[in-house]
Amino acid sequence: MGSMFRSEEVALVQLFLPTSAAYTCVSQLGELGLVEFRDLNASVSAFQRRFVGDVRRCEELEKTFTFLQEEVRRAGLELPPPEGRLLAPPPRDLLRIQEETDRLAQELRDVRGNQQSLRVQLHQLRL
């Protein structure tokens, strides 16, 4: 199954994982960088998939992280690159991470709104 674009031979395998172990197995395989996942249900709409709620939650987290990253850049700060490999958080920490990032993003939106309001008031006072 090798091709001219691959440096090593690859094999197509199919894993059957119990739902309770799927997150841990997939995250560890992903961290190793040895696995490529294929969508075997490409013909199924997103709303009919089994883990559509989890996918939506991940997409929302990605949007929140992107927003926070852009706000850091707007402030003229630079995020340091991560040291070493980033490991997937354990499942029990995901909800805490999501709540914390949502809270930080909301606070940042409030601060930005207050800043805009103060700028408008300052402009009006100068007139």
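Parameters at a glance
- Residues numbered from 1 in each chain as written.
- Predicted model: local features only at pLDDT ≥ 70, side-chain atom pairs only at ≥ 80, totals over all residues.
- Heavy atoms only, no water.
- UniProt positions renumbered as here; feature names shortened; annotations may be inferred.
- Helix = DSSP H or I, 4+ residues; strand = E, 2+ residues; numbered from the N terminus.
- Rg over C-alpha atoms; globule rule 2.2 N^0.38 Å.
- Buried < 20%, exposed > 50% of the residue type's maximum accessible area, 1.4 Å probe, protein only.
- Contact = heavy atoms within 4.5 Å.
- Lys, Arg positive; Asp, Glu negative; His and termini not counted.
- Charge placed at Lys NZ, Arg CZ, Asp CG, Glu CD.
- Salt bridge = Lys/Arg side-chain N within 4 Å of Asp/Glu carboxyl O.

Under an unreviewed UniProt entry, the name given to the protein is V-type proton ATPase subunit a, and the organism recorded is Neovison vison. In UniProt, the protein has this text filed under Subcellular location (unreviewed entry): "Membrane". In UniProt, the protein has this text filed under Sequence similarities (unreviewed entry): "Belongs to the V-ATPase 116 kDa subunit family."

This paragraph deals with the overall build of the protein. For the protein, the count of helices and strands is three helices and zero strands. For the protein, the α and β elements follow one another from N to C terminus as α-α-α. Against the 2.2 N^0.38 benchmark of 14 Å for 127 residues, the protein shows a C-alpha radius of gyration of 21 Å, more extended than a compact globule. Its C-alpha atoms give the protein principal-axis dimensions of about 70 × 35 × 30 Å. Taking all 127 residues of the protein together, the buried fraction comes to 9%. Long-range pairs, those at least 24 residues apart, make up 67% of the contacts in the protein between residues at least 6 apart in sequence. Each charge class in the protein can be summarised by its mean position, and for the 17 positive and 19 negative side chains these summaries are 4 Å apart.

So, on to the pattern of salt bridges. Considering all chains together, one arrives at six salt bridges under this definition. Ionic pairing is found between arginine 112 and glutamate 71, a salt bridge with its closest N-O pair at 2.2 Å. One end of the pair, arginine 112, is in helix H3 (residues 91-126); the other, glutamate 71, is in helix H2 (residues 52-74), with 41 residues separating them in the sequence. Judged by its relative accessible area of 12%, glutamate 71 is buried. In this structure, a network of salt bridges that share partners links the residues Glu71, Arg74 and Arg112.

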